[in-house]
Amino acid sequence: MEPIQAQMVFCCAEQWMSGRFYQVEPWGDGLRLDSARAATGVYCMAAVDSGENGFSWGRAAVEADLPPDTALRVYAYASDHRGWGSWSDLDQGIRSLEGDPMPVLREVFGPPVSESGDCLLEKTGRYLWVMLELTATGAGAPVVRALRLWMRGDHMVDYLPAIYQEDGFTRRFLSIFDSLYTDMDRAIDALPGEIDFDHARGDLLRYLAQWVCVEAGEGEALLRERIRTALSDYEDLYTVEGVRRSVRRLTGRDPILIEHFQVSPNRPDCKDPELYRQLYGEDPYRFFVLLPEDAFSSQRERQQFQRDMEEVIPAGMTMQMIQLKPCVQLDWHTYLGINSQVGGYVPAAIDEQVTIHYDTTIGGANHESCQ
């Protein structure tokens with residue numbers, strides 16, 4: 001059997017905006033309980049028109065993220081007329097309610113049809129109103145991603161003799177297996193799209209990241225970017241650019257990398273070999289990473305960075321990190337902001353009898369030979 005299902009899916013921000021919000025807020029293309037204001041909130045949809053009087057509403061499924069200590073209840077009301085009580089239009093009446101609408105809404109909808117996201121509505125009428133009640137008693141907030149309403153389509157009972165099709169119990173009983181089968185079939189059809197890391201979320205995205213050995217402890221946007229560039233990243237992982245990229249990813253700073261051959265005291269053009277030996281040593285298998293002094297907020301964070309870098313540097317190499325302090329270096333053409341010049345100087349003895357004028361010239365080309 002290959003079931004053909006006609007569904008109405010609500011999964012866009014524009015589709016939700018026509019309903020009534022109470023302590024529930026739009027969240028992307030879905031809904032979220034405003035847990036900062038209250039522990040319980042409701043959202044009441046505008047009427048869904050089937051276009052057929054006496055329409056039999058069957059299955060409904062709510063796709064939601066329910067963290068621990070959160071709950072979802074589904075309410076439904078159907079009628080061939082849009083009015084209710086003294087209201088000529090139920091949608092306008094619900095939107096006109098002020099303050100807490102829960103007492104009136106509970107009177108309209110009655111008890112919940114389900115306390116889970118998948119249920120049989122068993123309502124009859126051209127128009128359908130659905131209300132979602134979200135509750136949270138912990139730190140997490142429940143989020144509704146989509147609502148699916150099964151309008152018509154194949155059902156397992158349709159393949160039985162007519163005598164069984166009239167039995168309500170048989171339809172309800174087979175609906176359990178019918179929903180399992182159709183959900184499984186839909187999941188198989190959607191599997192290629194679900195494996196696309198650009199659309200995957202949560203645990204599935206982290207699972208896909210493991211396929212390309214990308215760490216999953218980062219935000220989803222950054223995780224997708226690292227999956228996208230995983231191949232090129234591994235091709236140059238142990239190069240200078242790869243090490244620089246690893247430092248940038250772990251610290252958010254652009255480092256200065258110094259390799260041994262760049263500052264070797266044995267180079268003919270080295271002006272001060274002894275100083276270079278003190279600063280950089282003579283180990284050809286050690287390189288230096290220079291970072292700003294404020295690159296780490298704590299010693300623990302600094303040590304964690306060094307441990308992480310040990311996993312992404314070439315084998316046999318060692319890394320030494322140096323944190324640089326901010327300073328000011330006066331060069332030949334440095335403007336100090338007080339009409340001063342740096343260029344040359346005349347040796348002088350300064351004591352309390354000497355006055356230095358504001359236009360005094362300090363420095364000079366022959367300063368290294370002066371005592």
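Residues numbered from 1 in each chain as written. Predicted model: local features only at pLDDT ≥ 70, side-chain atom pairs only at ≥ 80, totals over all residues. Heavy atoms only, no water.

> Just checking my understanding: could you explain the overall build of the protein chain for this structure?
Secondary structure summary: the protein chain contains eleven helices and 14 strands in total. The buried share among the 371 residues of the protein chain stands at 34%. The contacts in the protein chain between residues at least 6 apart in sequence include a share of 65% that link residues at least 24 apart. Here the protein chain has roughly 23100 Å² of accessible surface; of this, 53% comes from carbon and sulfur atoms. (Helix = DSSP H or I, 4+ residues; strand = E, 2+ residues; numbered from the N terminus. Buried < 20%, exposed > 50% of the residue type's maximum accessible area, 1.4 Å probe, protein only. Contact = heavy atoms within 4.5 Å. Areas by Shrake-Rupley, 256 points an atom, 1.4 Å probe, with all protein chains shown as cover.)

> Looking at this structure, how should I read helix α9 (residues 240-251)?
Since the α-helix packs 3.6 residues into each turn, any two residues three or four apart lie on the same face. Taking 1.5 Å of rise per residue, twelve residues should cover 16 Å, and α9 covers 17 Å from first to last C-alpha, within 8% of that figure. When α9 is considered as a whole, its buried residues turn out to be Gly242, Val243, Ser246, Val247 and Thr251. Across the axial projection of α9, the buried residues extend over an arc of 150°, all falling on one side. Tucked inside the fold, the buried residues of α9 contact β12 (256-258), β13 (286-292) and α11 (299-309). (Expected span 1.5 Å × (residues − 1). Arc of directions from axis to C-beta.)

> What exactly am I supposed to notice about a nonpolar patch on the surface here?
Taken together, the side chains of Phe169, Phe173, Ile176, Phe177 and Leu180 present a nonpolar region at the surface, about 520 Å² in accessible area. Tracing the backbone through its elements, the reader meets Ile176 in helix α5 (residues 168-194). (Patch = residues over 30% accessible without salt bridge, like charges linked within 9 Å, V, L, I, M, F, W, Y side chains within 5 Å. Salt bridge = Lys/Arg side-chain N within 4 Å of Asp/Glu carboxyl O.)

> I would appreciate a short explanation of the nonpolar core in the present structure.
One recurring pattern in soluble globular proteins: nonpolar side chains tend to sit buried together. Among the nonpolar cores identified, the biggest contains 27 residues, and Trp57, Leu121, Leu128, Leu132, Leu147 and Leu149 are the most heavily contacted of them. Of all the elements in the fold, those that place two or more residues in this core are β4 (30-33), β7 (56-65), β8 (70-79), β9 (118-124), β10 (127-136) and β11 (143-153). Among the elements that line this core, the one with the most residues is β10, at five residues. Aside from chain neighbours lying at most four places away, what touches Trp57 is Val48, Ser50, Ala78, Leu121, Glu122, Lys123, Gly125, Arg126, Tyr127, Leu128, Leu149 and Met151. One finds Val243, Leu291, Ile313 and Met321 within the second-largest nonpolar core, a separate group that totals 15 residues. (Core = buried A, V, L, I, M, F, W, Y, C linked by side-chain atoms within 4.5 Å.)

> What should I look at first to understand the packing of aromatic side chains in this one?
Pairs of aromatic rings are described using the distance from one ring centre to the other and the angle between the two planes. In this structure the tally under the stated criterion is nine aromatic pairs. With centroids separated by 4.8 Å and ring planes inclined at 70°, the aromatic side chains of Phe55 and Trp57 adopt a geometry described as edge-to-face. We classify Phe55 as buried; its relative accessible area is 5%. Measuring from ring centre to ring centre gives 5.5 Å for Tyr207 and Trp211, while their planes differ by 70°; the resulting arrangement is edge-to-face. Of the two residues, Tyr207 and Trp211 both sit in helix α6 (residues 202-211), four residues apart, roughly one turn of that helix. Overall, Tyr207 belongs to the partly exposed group, its relative accessible area being 44%. Ring pairs connect the aromatic residues Trp16, Phe21 and Tyr43, which therefore count as one cluster. Positioned above the aromatic ring of Trp27 is the side chain of Arg32, whose terminal nitrogen or guanidinium carbon lies 3.6 Å from the ring centre. A cation over a ring is seen here: Arg82 above Tyr127, with NZ or CZ 5.2 Å from the ring centre. (Phe/Tyr/Trp six-rings, centres within 6.5 Å; stacked < 30°, edge-to-face > 60°. Lys NZ or Arg CZ within 6 Å of the ring centre and 35° of its normal.)

> Explanation requested: the pairing of β4 in the structure shown.
In the case of a regular strand, side chains alternate between the two sheet surfaces. Pairing between strand β3 (residues 24-27) and β4: four bridges, direction antiparallel. Residue pairing for β4: Val24 is matched across the bridge by Leu33. Count of turn residues in the β3/β4 antiparallel hairpin: two residues, of which Gly28 carries a positive phi of about 65°. (Pairing = 2+ DSSP bridges.)

> Explanation requested: the sheet that holds β12 in the structure shown.
In any sheet, the strands associate via hydrogen bonds between backbone groups, in a parallel or an antiparallel arrangement. What the three strands build is an open sheet, ordered β12-β13-β14; its pairing is mixed. Here the strands that pair on one side only, and so sit at the sheet edges, are β12 and β14 (318-324). Shown here is a sheet whose adjacent strand axes are inclined to one another by a mean of 25°, direction ignored. Relative to the sheet, α11 contacts β13 and β14, its axis offset from that of β14 by approximately 150°. (Axes fitted to C-alpha atoms, helices over the stretch in contact; angles between N-to-C directions.)

> Help me understand the side chain of Ser50, please; the structure alone is not making it clear to me.
Along the chain, Ser50 turns up in the loop between β6 (48-49) and β7. Of note is the side chain of Ser50, whose polar atom sits 3.3 Å from the backbone oxygen of Glu52. Separated by 3.0 Å, the side chain of Ser50 and the backbone oxygen of Arg126 make a polar contact. Contact partners of Ser50, with chain neighbours within four places excluded, come to Phe55, Trp57, Gly125, Arg126 and Met151. (Polar contact = N/O pair within 3.5 Å; in protein donor to acceptor, adjacent residues only side chain to side chain.)

> How do you make sense of helix α3 (residues 102-109) when you look at a structure like this?
All of the buried residues in α3 are Met102, Leu105, Val108 and Phe109. Angular distribution of buried residues about the axis of α3 spans 120°; they occupy a single face of the element. Opposite the buried face of α3, by more than 90 degrees, sit the exposed residues Pro103 and Glu107. The inward-facing, buried residues of α3 contact β2 (20-22), β5 (40-44), β8, α2 (90-95) and β10.

> Would you take a moment to explain empty space enclosed by the protein for this structure?
The gaps left among the atoms become clear once a water-sized probe is rolled over them. A complete count under the given rule lists one cavity of 30 Å³ or more for this structure. Reported here for the largest cavity is a volume of approximately 30 Å³. By residue class, the composition of the lining of the largest cavity is four nonpolar, two polar and three charged. (1 Å grid on protein atoms, 1.4 Å probe; cavity = no way out; pocket = protein on both sides within 12 Å on 5 of 7 lines; lining within 4 Å. Points joined across faces, edges and corners; volume = space filled by probe spheres on them. Nonpolar A, V, L, I, M, F, W, Y, C, P; charged D, E, K, R; others polar.)

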